[in-house]
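Now for the letters of each chain:
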Amino acid sequence: MLAAETIAENVGHIRREIEAAADGRRVLLVAATKMNDAAAVRAAIAAGVDACGENRVQEMLEKDAVGAYAGAPLHFIGHLQRNKVNKVVGRADLIQSVDSAELLELIDRRAQAMGIIQNILIEINVGGEQQKSGIEPEELPDILKTASECAGVRVRGLMCVPPAVSGEENRDNFAKMKQLFVDNGGKKYDNISMDFLSMGMTADFAEAIRQGANMVRIGSAIFGARDYSAAH
Ligand SMILES: *Cc1c(COP(=O)(O)O)cnc(C)c1O
């Protein structure tokens, strides 16, 4: 794990790059904390990230149990399995990765049972990749209509994980997301506010911001490269 001072320096450096790309707009920095321990998460929060994003439910619960996220909102950014919905609804301040109408409805049911409103983003498979999570762009109006009738969820925007190529190569995908964000925003649907466009990671966040992202999710540039050999 990197020292807390190094994590703080990294966050400072990223903030400056965000500012340079944002041209005066406010962009939220979400630390993608997967495979980093509670101490690293705390260091990122102390360095002023706007939120923490976790990918795996079990890992989130373990770090949450030791208070790792104290002082920052918690986002869920990974693929959410149906049988784990109950563990995430009501705990995550924002579920960024709602990738099917079925998942949307399960989240709604759980939130209503708890008497809360769960904030979510809809994940778009903007690169049209076979293996990738996310709804097809053409399905967005339908899922938003469904969401507008769900009293337990509030759609706050869109998210994508585009193909793993350079930012330049993803420029068109980011621009397409921005267009979807604009076209489906405004007052088109009850109960939906298109506040957040979550796109951009370590390799491509500057380009994502130039194309309109106002939320980026950054892991390795904050915490260093992930050590997959240590994973089980
Ligand atoms: C890991 C991850 C990120 C951050 O990736 P980096 O390239 O390490 O910045 C962002 N979003 C999601 C959904 C992730 O799983």
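This structure is a prediction, so every number in the text was calculated from the model and none was measured.

Enquirer: Describe the site of the ligand, listing the residues and the values that go with them.
Expert: The environment of the ligand is formed by Ala32, Lys34, Asn55, Ile77, Val161, Met201, Thr202, Arg217, Ile218, Gly219, Ser220 and Arg226. In the environment of the ligand, an oxygen atom lies 2.5 Å from a nitrogen or oxygen atom belonging to the side chain of threonine 202. A distance of 2.6 Å separates an oxygen atom of the ligand from a polar atom in the side chain of serine 220. Coverage of the ligand by the protein amounts to 89% of the 390 Å² it exposes when considered alone. Among the residues forming the shell around the ligand, the class breakdown is 5 nonpolar, 4 polar and 3 charged.

Enquirer: Any details on helix α7 (residues 171–183)? Residues and values, ideally.
Expert: Relative to the 18 Å expected for 13 residues at 1.5 Å per residue, α7 spans 18 Å between its end C-alpha atoms, a close match to the ideal helical length. Regarding α7, the residues found buried are Asn173, Phe174, Met177, Leu180 and Phe181. In an axial view of α7, the angular spread of the buried residues amounts to 120 degrees, which keeps them on one side of the axis. Where the residues of α7 are buried, they touch β5 (118–124), α6 (140–148), β6 (153–160), β7 (192–198) and α8 (205–210).

Enquirer: Go over the nonpolar core, please, and point to the residues and values.
Expert: Within the largest apolar cluster, 66 residues are counted, with the highest numbers of intra-cluster contacts made by Ile95, Ile107, Ile122, Leu158 and Ile222. Not counting residues within four places of it along the chain, the set of residues in contact with isoleucine 122 comprises Gln96, Val98, Ile135, Leu140, Ile143, Leu144, Val155, Gly157, Leu158 and Met159. By size, the runner-up hydrophobic cluster in this structure holds 8 residues, among which are Ala51, Leu94, Met159 and Phe196.

Enquirer: How would you summarise unusual backbone geometry if you had to cite specific residues and measurements?
Expert: Positive phi, normally seen in glycine, also occurs at aspartate 23, with a value near 55 degrees. The topology assignment puts aspartate 23 in the loop between α1 (4–22) and β1 (28–32).

Enquirer: For the pairing of β1, give the residues involved together with the corresponding values.
Expert: The element β1 is extensively covered by neighbouring structure, given that 5 of its 5 residues are classed as buried. Covered by surrounding structure in β1 are Leu28, Val30 and Ala32 together with Leu29 and Ala31, the residues of both alternating faces. Inspection of the sheet shows β1 paired to strand β8 (residues 215–218) by 4 bridges, in the parallel sense. Looking at β8, one finds that leucine 29 is bridged to valine 216. As paired strands, β1 and strand β2 (residues 51–54) are joined by 3 bridges and run parallel to one another.

Enquirer: An account of the packing of helix α5 (residues 101–114) against α6 is requested, with residue identities and associated values reported.
Expert: The interhelical angle for the contact between α5 and α6, taken along N-to-C directions, is 15 degrees, at an axis separation of 10 Å. With respect to α6, the axis of α5 lies roughly parallel. In this structure, α5 crosses over α6, and the sense of that crossing is right-handed. On α6, the residues touching Ala101, Leu104 and Glu105 of α5 are Ile143, Thr146 and Ala147. Taken together, the residues of the contact of α5 with α6 sort by class into 4 nonpolar, 1 polar and 1 charged.

Enquirer: Now, about a negative patch on the surface: what can you tell me, with residues and values included?
Expert: On the surface, a cluster of negative charge is contributed by Glu136, Glu138, Glu139 and Asp142. For glutamate 136, the location among the structural elements is in the loop between β5 and α6. On the basis of relative accessibility, which here comes to 31%, the residue glutamate 136 falls in the partly exposed class.

Enquirer: Describe the pattern of salt bridges, naming the residues involved and giving the relevant values.
Expert: Tallied over the full model, the rule gives 12 salt bridges. For lysine 63, the salt bridge goes to glutamate 59, with nearest N and O atoms at 2.8 Å. Here the residue lysine 63 and the residue glutamate 59 both occupy positions in helix α3 (residues 57–65), the gap between them amounting to 4 residues, near one helical turn. We classify glutamate 59 as buried; its relative accessible area is 16%. Residues glutamate 168 and arginine 171 are paired through a salt bridge, measuring 3.2 Å at the closest nitrogen-oxygen approach. Among the residues examined, glutamate 168 registers a relative accessible area of 53% and is labelled exposed.

What counts as what
Residues numbered from 1 in each chain as written. Predicted model: local features only at pLDDT ≥ 70, side-chain atom pairs only at ≥ 80, totals over all residues. Heavy atoms only, no water. Near = heavy atom within 4 Å. Polar contact = N/O pair within 3.5 Å; in protein donor to acceptor, adjacent residues only side chain to side chain. Areas by Shrake-Rupley, 256 points an atom, 1.4 Å probe, with all protein chains shown as cover. Nonpolar A, V, L, I, M, F, W, Y, C, P; charged D, E, K, R; others polar. Helix = DSSP H or I, 4+ residues; strand = E, 2+ residues; numbered from the N terminus. Expected span 1.5 Å × (residues − 1). Buried < 20%, exposed > 50% of the residue type's maximum accessible area, 1.4 Å probe, protein only. Arc of directions from axis to C-beta. Contact = heavy atoms within 4.5 Å. Core = buried A, V, L, I, M, F, W, Y, C linked by side-chain atoms within 4.5 Å. Pairing = 2+ DSSP bridges. Axes fitted to C-alpha atoms, helices over the stretch in contact; angles between N-to-C directions. Parallel < 35°, antiparallel > 145°, perpendicular 65-115°, else oblique. Left-handed = near helix turned anticlockwise from the far one by under 90°. Patch = residues over 30% accessible without salt bridge, like charges linked within 9 Å, V, L, I, M, F, W, Y side chains within 5 Å. Salt bridge = Lys/Arg side-chain N within 4 Å of Asp/Glu carboxyl O. Lys, Arg positive; Asp, Glu negative; His and termini not counted. Charge placed at Lys NZ, Arg CZ, Asp CG, Glu CD.

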